[in-house]
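# Structural characterization, general
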Amino acid sequence: MKPSRTLDPLIRSEMQDQLIELQETLHKTIIFITHDLDEALRLGDRIAILRDGVVVQQDKPVDILLNPADDYVEAFVKDVNRARALTVETVMQPPISRITAETLGEALTQMRRSKHDYGYVVTDEGYQGVITQEALEQVERSDYHKEIPDDMLDDVPAVKSDALLEEVIPETLDNDHPLPVVDDNGDLQGHLSKSTLADVLSDNASDGAPSQEENSEAKKGAA
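Conventions we followed
Residues numbered from 1 in each chain as written. Predicted model: local features only at pLDDT ≥ 70, side-chain atom pairs only at ≥ 80, totals over all residues. Heavy atoms only, no water. Helix = DSSP H or I, 4+ residues; strand = E, 2+ residues; numbered from the N terminus. Buried < 20%, exposed > 50% of the residue type's maximum accessible area, 1.4 Å probe, protein only. Contact = heavy atoms within 4.5 Å. Areas by Shrake-Rupley, 256 points an atom, 1.4 Å probe, with all protein chains shown as cover. Pairing = 2+ DSSP bridges. Phe/Tyr/Trp six-rings, centres within 6.5 Å; stacked < 30°, edge-to-face > 60°. Patch = residues over 30% accessible without salt bridge, like charges linked within 9 Å, V, L, I, M, F, W, Y side chains within 5 Å. Salt bridge = Lys/Arg side-chain N within 4 Å of Asp/Glu carboxyl O.

## A look at the overall build of the chain
- Along its length, the chain carries eleven helices and eight strands.
- Expressed as a percentage of its 223 residues, the buried residues of the chain come to 38%.
- Partitioning the intrachain contacts of the chain with sequence separation of at least 6 by distance along the chain shows that 52% fall at a separation of at least 24.
- Approximately 13,400 Å² of the chain is accessible, and the part contributed by carbon and sulfur atoms is 45%.

## As for the pairing of strand E5 (residues 126-132)
- Within E5, six of the seven residues are buried, which leaves it mostly tucked inside the rest of the structure.
- As judged from the six bridges shared by strand E4 (residues 118-123) and E5, these two strands associate in the antiparallel manner. Residue pairing across strands places Tyr118 opposite Thr132, the latter belonging to E5.
- Hairpin connection between E4 and E5: a loop of two residues separates the two successive antiparallel strands.

## A look at the packing of aromatic side chains
- Tallied over the full model, the rule gives two aromatic pairs.
- Between the aromatic rings of Tyr118 and Tyr120, the centroid separation amounts to 6.3 Å while the plane-to-plane angle is 80°, which identifies the pairing as edge-to-face. Take Tyr118 and Tyr120: they sit in the same class, and that class is buried.
- Considering the side-chain rings of Tyr120 and Tyr127, the 6.0 Å spacing of their centres and the 75° angle between planes classify their relative orientation as edge-to-face. Grouping residues by exposure puts Tyr120 and Tyr127 together as buried.
- Among the aromatic residues, those joined into a cluster by ring pairs are Tyr118, Tyr120 and Tyr127.

## A word on the sheet that holds E5
- Within the open sheet, the three strands sit side by side as E3-E4-E5. Their pairing is mixed. The two strands at the open ends of the sheet, each matched to only one other strand, are strand E3 (98-99) and E5.

## Points about the sheet that holds strand E7 (residues 179-182)
- Pairing is mixed across the open sheet formed by three strands, whose spatial order is E6-E7-E8. The strands lining the two open edges of the sheet, one partner per strand, are strand E6 (159-160) and strand E8 (188-192).
- For E6 and E7, the ladder comprises two bridges, and the chain directions are parallel. Across the sheet, residue Val159 finds its bridge partner in E7, namely Val181.

## Things to note about a nonpolar patch on the surface
- Nonpolar side chains collect at one region of the surface, where Leu22, Leu26 and Ile30 lie side by side and expose about 250 Å² of accessible area between them.
- Structurally, Leu22 can be placed in helix H1 (residues 9-26).
- The class of Leu22 is partly exposed, set by a relative accessible area of 42%.

Structure below.
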């Protein structure tokens, strides 16, 4: 199936939506040929980049973007908007300090054992907020037996692991702490920091920009 180059953006997007729904319903392998890498990234679980009829890289979309096999593939992906193509799950880091204590004293003990001066408070109901070591150190010993009050937690929003990076940029930039990444049940899966986001979105090429001729050649085909 090869999409017409004359389709307007709205019809093209609707066609992509229908193809995704069709695949989710039938659970069949679909081979889709396109010259538009953004389209391939949206539709494909795996992407094959062709050069002169030869497959130069076949990989998951995230690996195509972040680990191009050669200069040709690097030129091909150079101008892709990574924020619209990558999900949080593909770039998140492992969870930072997880505070599972029920009392202030236990939370302080966990915090002191951590390498960080803050942690994500997690209960049976999932992620609750961020607590800092500074706040816990100010607690009187006589209050160590008390539960962690809500007003001691910083309201740092959680993001879903399947969210596009484009969707979480504002929250990432607006918060002092990395954002916790949670699954559908609210369980902590990892964290997303400003530095990680900046590294992923700015690392468009490894050693110098490909020539204009390389970019032109790279646009010839993706399957």
